[in-house]
Amino acid sequence: MDARPLLFFDSGVGGLSVLAKARAVLPMAPIVYAADSAGFPYGTRTEADIAARVPALLGRLAERYSPRLIVIACNTASTIALAAVRAALDVPVVGTVPAIRPAALLSKTRVIGVLGTEATVRQPYVDDLAARFASDCTVLRYGSAELVEAAEQFLRGQRVDPARLRAALGGLLDQPGGERIDVIVNACTHFPLVEAALVAAAPRPLRFVDGGCGIARRIAHLTQGQQWPKVPGEGIAVFTRLDEGARALAPALARYGLAHLAQL
């Protein structure tokens with residue numbers, strides 16, 4: 001039996017959307033979910049801050065939990081710090097990047113929206129993805145810190161004001177050309193957590209896509225042939241600041257198989 005866990009990392013609870021897809025593929029995998037609650041939210045931090053913070057935290061987490069694989073389940077951290085993390089750690093690292101390619105394949109109008117954090121949507125990495133996989137599309141972007149907060153609020157069992165969701169969607173749809181958007185990329189792992197609410201708040205039918213299923217397939221490929229425990233264990237959620245806000249997430253975390261809370 002190989003009890004080494006998969007380690008998922010995000011600034012907050014957004015990575016749970018990726019974890020859910022991975023657990024569907026690898027139900028016996030031991031899980032450690034790490035949230036940098038002391039650094040949340042990443043979307044309003046500088047690139048230099050994230051580039052220094054993420055590799056340092058993942059180094060500490062790798063030392064403590066000895067994961068077989070790390071998933072940076074955060075678009076902002078991945079687009080800024082993925083290369084540095086891979087260079088620093090002797091463990092496979094899977095990143096999360098905006099699902100622009102599948103969005104371009106689905107779009108009929110050839111106008112797609114990228115809804116992420118402020119830090120993610122301004123990254124050159126997103127420019128490169130658009131040029132490589134959506135060169136015949138108009139790609140509109142909008143960064144919303146409000147929507148990240150709304151997803152965290154939703155996981156705590158609190159009501160999310162639909163006006164906040166409409167405002168985030170309006171940031172895309174009200175841009176010149178936004179009336180032709182037919183596919184929106186959820187370019188923050190928080191956003192799939194409130195996708196049903198986004199669909200309900202949208203002024204017209206829209207399709208939302210994210211990279212969760214692709215990441216799950218990549219994890220399965222990289223761990224193919226490895227041993228897993230015969231009985232699924234109770235996962236651990238570790239926070240960089242285990243305060244009342246983090247503890248309020250305990251019921252939601254339990255639904256994702258994370259029965260224990262810890263502090264880094």
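Residues numbered from 1 in each chain as written. Predicted model: local features only at pLDDT ≥ 70, side-chain atom pairs only at ≥ 80, totals over all residues. Heavy atoms only, no water.

Q: What exactly am I supposed to notice about the pattern of salt bridges here?
A: When charged atoms on two side chains of opposite charge get close, those side chains can pair. One pass over the structure, following the stated rule, counts twelve salt bridges. When the shortest N-O distance is used, the salt bridge between R122 and E47 registers 2.8 Å. Here R122, found in the loop between α5 (118-121) and α6 (124-133), pairs with E47, found in helix α2 (residues 47-65); they are 75 residues apart in sequence, far enough to count as distant. The partner of R110 in a salt bridge is D136, and the shortest N-O contact between them spans 3.0 Å. Of this pair, R110 sits in the loop between α4 (100-106) and β5 (111-116) while D136 sits in the loop between α6 and β6 (138-143); the two residues are 26 residues apart in sequence, bridging distant segments of the chain. Using a relative accessible area of 51% as the deciding quantity, one classes D136 as exposed. (Salt bridge = Lys/Arg side-chain N within 4 Å of Asp/Glu carboxyl O. Helix = DSSP H or I, 4+ residues; strand = E, 2+ residues; numbered from the N terminus. Buried < 20%, exposed > 50% of the residue type's maximum accessible area, 1.4 Å probe, protein only.)

Q: Quick question: what am I supposed to make of the packing of α2 against helix α3 (residues 75-88) here?
A: Axis angle and axis distance: for two packed helices, these are the angle between their axes and the distance between the axes, and together they describe the pair. One way to put it is that α2 packs onto α3 with a least axis distance of 9 Å and a crossing angle of 60 degrees. In terms of orientation, α2 and α3 fall into the oblique class. For the pair α2 and α3, the sense of crossing is right-handed. Along its contact with α2, which presents E47, I50, A51, V54, P55 and L58, the element α3 presents T76, A77, I80, A81, A84 and V85. Its residues assigned to classes, the contact of α2 with α3 comprises ten nonpolar, one polar and one charged. (Axes fitted to C-alpha atoms, helices over the stretch in contact; angles between N-to-C directions. Parallel < 35°, antiparallel > 145°, perpendicular 65-115°, else oblique. Left-handed = near helix turned anticlockwise from the far one by under 90°. Contact = heavy atoms within 4.5 Å. Nonpolar A, V, L, I, M, F, W, Y, C, P; charged D, E, K, R; others polar.)

Q: How should I be thinking about empty space enclosed by the protein in this particular structure?
A: Think of a ball as big as a water molecule: rolled over the atoms, this probe shows where empty space is left. In the structure shown here, the tally under the stated rule is three cavities of 30 Å³ or more. Its boundaries defined by the atoms lining it, the largest cavity holds a volume of some 120 Å³. Around the largest cavity sit 18 residues that line it, and Y42, G43, T117, V148 and C188 are the ones nearest its centre. When contributions to the lining of the largest cavity are tallied by element, the ones reaching two or more residues are α3 and α7 (145-155). (1 Å grid on protein atoms, 1.4 Å probe; cavity = no way out; pocket = protein on both sides within 12 Å on 5 of 7 lines; lining within 4 Å. Points joined across faces, edges and corners; volume = space filled by probe spheres on them.)

Q: Can you walk me through the sheet that holds strand β9 (residues 235-239) in this structure?
A: The pairing of strands in a sheet comes from backbone hydrogen bonds and takes either a parallel or an antiparallel form. The six strands are arranged β4-β3-β1-β2-β9-β10 in an open sheet whose pairing can be described as parallel. This sheet does not close on itself; its edge strands, each paired only once, are β4 (93-94) and β10 (258-263). Along the sheet face, helix α1 (residues 16-25) touches β1 (6-10), β2 (31-35), β3 (69-72) and β10 and points at about 170 degrees away from the line of β2. In this fold helix α10 (residues 212-222) packs onto β1, β3 and β4, with an angle of close to 165 degrees to the strand it touches most, β3. (Pairing = 2+ DSSP bridges.)

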